[in-house]
Amino acid sequence: MITLYHLRRSRSERIAWLLEELGIDYHLECIDRVGGRYAPEMFRGVHPLGRAPVIRDGDLVIAESGAIVEYILARHGNDRFSIRSHEQDFAEYLYWFHYAEASLMLQLLRESALVRIVPEVDSHAGMDKIRQTTREHLEFIDNSLVGKSFIAGGRFTAADIMMLFPFTTLLEFLPGTLNLAAYPNIQTYVAGLCSRPAYCRALERADSLSKPQAGS
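Predicted, not measured: the structure shown is a model, and the values here were computed from it. (Residues numbered from 1 in each chain as written. Predicted model: local features only at pLDDT ≥ 70, side-chain atom pairs only at ≥ 80, totals over all residues. Heavy atoms only, no water.)

Trainee: Explain the overall build of the protein chain here, please?
Mentor: Scanning the protein chain for helices and strands turns up 7 helices and 4 strands. Listing the helices and strands of the protein chain from first to last along the sequence gives β-α-β-β-β-α-α-α-α-α-α. By the burial criterion, 50% of the 216 residues in the protein chain qualify as buried. Residue pairs in contact within the protein chain that sit at least 24 positions apart in sequence constitute 72% of those at least 6 positions apart. For the protein chain, the accessible surface area stands at approximately 10,600 Å², while carbon and sulfur atoms represent 52% of it. (Helix = DSSP H or I, 4+ residues; strand = E, 2+ residues; numbered from the N terminus. Buried < 20%, exposed > 50% of the residue type's maximum accessible area, 1.4 Å probe, protein only. Contact = heavy atoms within 4.5 Å. Areas by Shrake-Rupley, 256 points an atom, 1.4 Å probe, with all protein chains shown as cover.)

The following block contains the structure:
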């Protein structure tokens, strides 16, 4: 049985959600943040970097949400929730799966870190460029979702699991960074994913606080 070491309100929500969608029985170890923000030191006993998520599958321990999702799909997915290399939409699926962390999350965290760390950050000329880049990402995603319920291939995939987190739980840690009021397709997309029964079960079981951030 897979064990998921789940830091509350973290990327490990992705893993619980995937396991619920697949109908795989799993053991959940819920771990609270220290001071509402940081992983406790005990997490280093699971993985040397002390970061979430981490799973244990037999003797194998794996970290990084994207790697875990790919591992679970390869070992336990039976071709569900992925697009295979011979299918027409494989490249689109692959792009969005990795874009979620490599581009979108990176940009959101960059802007948030500058706001928190740099005194009078709004007076720095470079901050306008940072915020413009964030808007460009949001416009790009919103335009890509025109007429779509899912981000790739016309069906629900792991790319959607990767893409949702920046628009839900992450925003609890980035107040004021995103305002989705101008992006109706993103709002509809987020609301649709958050209504999936497996997502609701995952959050209930993991005692998380994710919720759509539409218009805020």
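Next comes the rest of the account.
Trainee: Even after reading the chapter, I still don't get the sheet that holds strand β2 (residues 26-31), so can you show me in this structure?
Mentor: To summarise the sheet geometry, strands pair through backbone hydrogen bonds and adopt either a parallel or an antiparallel arrangement. Pairing within the open sheet is mixed, and its 4 strands lie in the order β2-β1-β3-β4. The two strands at the open ends of the sheet, each matched to only one other strand, are β2 and β4 (60-63). Neighbouring strand axes in the sheet, compared pairwise and without regard to direction, differ in orientation by 20 degrees on average. Here 6 bridges tie strand β1 (residues 2-7) to β2, and the two strands are oriented parallel to one another. Its bridge partner lying in β2, T3 is registered against H27. (Pairing = 2+ DSSP bridges. Axes fitted to C-alpha atoms, helices over the stretch in contact; angles between N-to-C directions.)

Trainee: Help me understand the pattern of salt bridges in this model?
Mentor: Two side chains carrying opposite charge are able to pair once their charged atoms lie near each other. By the definition in use, this model includes 10 salt bridges. Residues R84 and D79 are paired through a salt bridge, measuring 3.3 Å at the closest nitrogen-oxygen approach. Classification of D79 by relative accessible area gives partly exposed; the value is 49%. A salt bridge links R155 to E87, with the nearest nitrogen and oxygen atoms 3.2 Å apart. Of this pair, R155 sits in the loop between α4 (125-144) and α5 (158-164) while E87 is found in the loop between α2 (65-76) and α3 (90-117), placing the two residues 68 residues apart along the sequence. Given a relative accessible area of 21%, E87 falls into the partly exposed group. Linked through salt bridges whose partners overlap, the residues forming this network are D79, R84, E87 and R155. (Salt bridge = Lys/Arg side-chain N within 4 Å of Asp/Glu carboxyl O.)

Trainee: When you look at the state of the cysteines in this model, what are you seeing that I'm missing?
Mentor: In protein chemistry, a disulfide is the covalent bond that joins the sulfur atoms of two cysteines. One pass over the structure, following the stated rule, counts 0 disulfides. Cysteine C194 is unpaired, with the sulfur of C200 as its nearest cysteine sulfur at 7.7 Å. A residue is classified by how much of its surface remains accessible, and C194, at 11% relative accessible area, is buried. For C200, a relative accessible area of 39% puts it in the partly exposed group. (Disulfide = S-S within 2.5 Å.)

Trainee: Please explain the pairing of strand β3 (residues 54-57) as it appears in this structure.
Mentor: In the case of a regular strand, side chains alternate between the two sheet surfaces. Alignment of β1 against β3, held across 4 bridges, turns out to be antiparallel. Along β3, the bridge assignment pairs I2 with D57. One ladder, built from 4 bridges, connects β3 with β4; its direction is antiparallel. Its bridge partner being in β4, R56 is matched across the sheet by V61. The turn joining β3 and β4, which pair antiparallel and follow one another in sequence, is formed by 2 residues; a positive phi near 70 degrees is taken by G58.

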